[in-house]
Amino acid sequence: MTTADIEAAGTGRTFALPVPAGALGTAARVVFGTVLIVVPVVLFSTLITFLLGAASGLNPAAGIAGDAATPETIARINAEFGLDKPVWQQYVDWMSSMLSGDLGVSWFSKIPVSELIGERLAVSASIAGVALVIGLVLGVGLGVLAAVYKGSLLDRAITAYTSVASTLPPFVISIGLILVFSVGLHWLPSAGYVPPDENFGRWLSLIIMPAIALSMDVVADIARQLRTGLVAELDQNYVTGAVVRGIGPARILFVHTLRNGSGPALSILGMKIPSLIGGAVVMETMFSMPGFGRLAADSALRGDVPIVQGTLVVAIVFVLFCNIVVNIAQSVLQPATKRRD
């Protein structure tokens, strides 16, 4: 790690302030170390995903051929989907296809699973993505304000808000938003989905309520963790030294203390991403959106195992990817993490 030293006036002591040199090297080390952890996790989680489908005992012959299916018809359908092979060979074939991007085909519609997921993933990604943006912007803003004005009325108001917001489930907030903005004021639609490239304004009006409901918990947790981290950093000696040298408060806050104090908030953000994906599934149901989660739920009820397995694999990969990004951001922004490396 490269640092820029600041000598504190009047004390003769030297304090280190980080500068963003060597960030690419650090990111490469973090990526390599993370891959060593991610690969076994992917193998184990995909094995569990496959075994759950195999252990379910579901068979497409019952749904395709009906109750009048003959043994020959069942054998033909099983052979068509490779279900007549030993389980271990089915797993090897499934993994080989999955690594090449082929998630199989639906047992009943014969449509490729990747195509079905691609059509629905945009809905869930829209909800979770907008919720993440709202959570980051409001969470960072409230956390910084609470830390800068520590002990003030604003700090207490933000603390009270985050305490209340973190106790409210997203579906309760959704009901309140629908009652106020859809039923009462008639400002926003309460159901449906339109792609953003077709009508961006309509898309935003449909996405904003589920995204707000889903983001409230993220806002509260990021604001609280960031406030805690910043309050601790603002009491450090290097901040006093920077003040004595005449460095502006904004530069001290946004260039030095924010990156040093963002570690707890980044850790919480990594833990919240799976919750955002899971919460998006609930929001799709409440706001009648044809998303990724509803595809998985409807397929599970219908017994379409390839689609359920495909959605689980995509969710696992997405969560791991987001956690890798958070780990890289944390190691680049937080000097203490780099020193441990």
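Residues numbered from 1 in each chain as written. Predicted model: local features only at pLDDT ≥ 70, side-chain atom pairs only at ≥ 80, totals over all residues. Heavy atoms only, no water.

1. Side note on the overall build of the chain
To be explicit about the condition: Only DSSP runs of H or I with at least four residues qualify as helices, and only runs of E with at least two residues qualify as strands; both kinds are numbered from the N terminus onward. Three exposure classes are used, based on accessible area relative to the maximum for each residue type with a 1.4 Å probe and protein chains only: buried under 20%, partly exposed in between, and exposed over 50%. Only heavy atoms matter for contacts: two residues are in contact if any of them lie within 4.5 Å across the pair. Here the accessible surface of atoms and residues is derived via Shrake-Rupley with a 1.4 Å probe, and residues count as covered only by protein chains that are part of the display.
On a plain count of helices and strands, the chain comes out with 14 helices and two strands. Residues counted as buried form 40% of the 341 residues belonging to the chain. For the chain, restricting intrachain contacts to residue pairs at least 6 apart in sequence, the fraction spanning at least 24 positions comes to 72%. For the chain, the accessible area works out to roughly 17,400 Å², and carbon and sulfur atoms hold 68% of it.

2. Some details on the packing of aromatic side chains
Given two aromatic rings, one states the distance between the centres and the angle between the planes to describe the pair. Operational definition: To pair, rings of Phe, Tyr and Trp, with the six-membered ring standing in for Trp, must have centres within 6.5 Å; the planes then decide the type, stacked if under 30 degrees apart, edge-to-face if over 60, and tilted in the middle.
Tallying each qualifying case throughout the model produces six aromatic pairs. Pairing F50 with W94 gives two aromatic rings, centres 5.5 Å apart and planes at 35 degrees, and the pair type is tilted. Of this pair, F50 sits in helix α1 (residues 23–55) while W94 is found in helix α4 (residues 87–99), placing the two residues 44 residues apart along the sequence. Here F50 falls in the buried class, since its relative accessible area comes to 5%. For W94, a relative accessible area of 13% gives the class buried. Measuring from centroid to centroid gives 6.0 Å for F181 and W187, while their planes differ by 40 degrees, and the two rings are tilted. One aromatic cluster is present, formed by F50, Y91 and W94 through successive ring pairs.

3. Describing the pattern of salt bridges
Definition in use: Any carboxyl oxygen of Asp or Glu that lies within 4 Å of a side-chain nitrogen of Lys or Arg is treated as forming a salt bridge with it.
In this structure the tally under the stated criterion is seven salt bridges. Between K110 and E80 there is a salt bridge, and its shortest N-O distance comes to 3.3 Å. Residue K110 is located in the loop between α4 and α5 (113–148), and its partner E80 is located in helix α3 (residues 71–80); the two are separated by 30 residues in the primary sequence.

4. What about the packing of helix α6 (residues 153–165) against helix α8 (residues 200–234)?
Here is the rule: Simply put, an axis is a line fit to the C-alpha atoms, just over the touching stretch for a helix, and the angle between two N-to-C directions goes from 0 to 180 degrees. By the definition adopted for this analysis, an angle is roughly parallel if under 35 degrees, roughly antiparallel if over 145, roughly perpendicular if from 65 to 115, and oblique otherwise. Crossings are sorted by hand: turned counterclockwise from the far helix by less than a right angle, the near helix makes the crossing left-handed, and turned clockwise it makes it right-handed. When residues are grouped by polarity, Ala, Val, Leu, Ile, Met, Phe, Trp, Tyr, Cys and Pro land in nonpolar, Asp, Glu, Lys and Arg in charged, and all others, Gly among them, in polar.
In contact at an axis separation of 8 Å, α6 and α8 are set at 135 degrees when each is read in the N-to-C sense. The pairing of α6 with α8 is recorded here as oblique in orientation. For the pair α6 and α8, the crossing hand works out as left-handed. Listed contacts from α8 to D155, T159, Y161, T162, S163 and A165 of α6 are M216, V219, A220, A223, R224 and R227. Per-class residue counts for the contact of α6 with α8 are six nonpolar, three polar and three charged.

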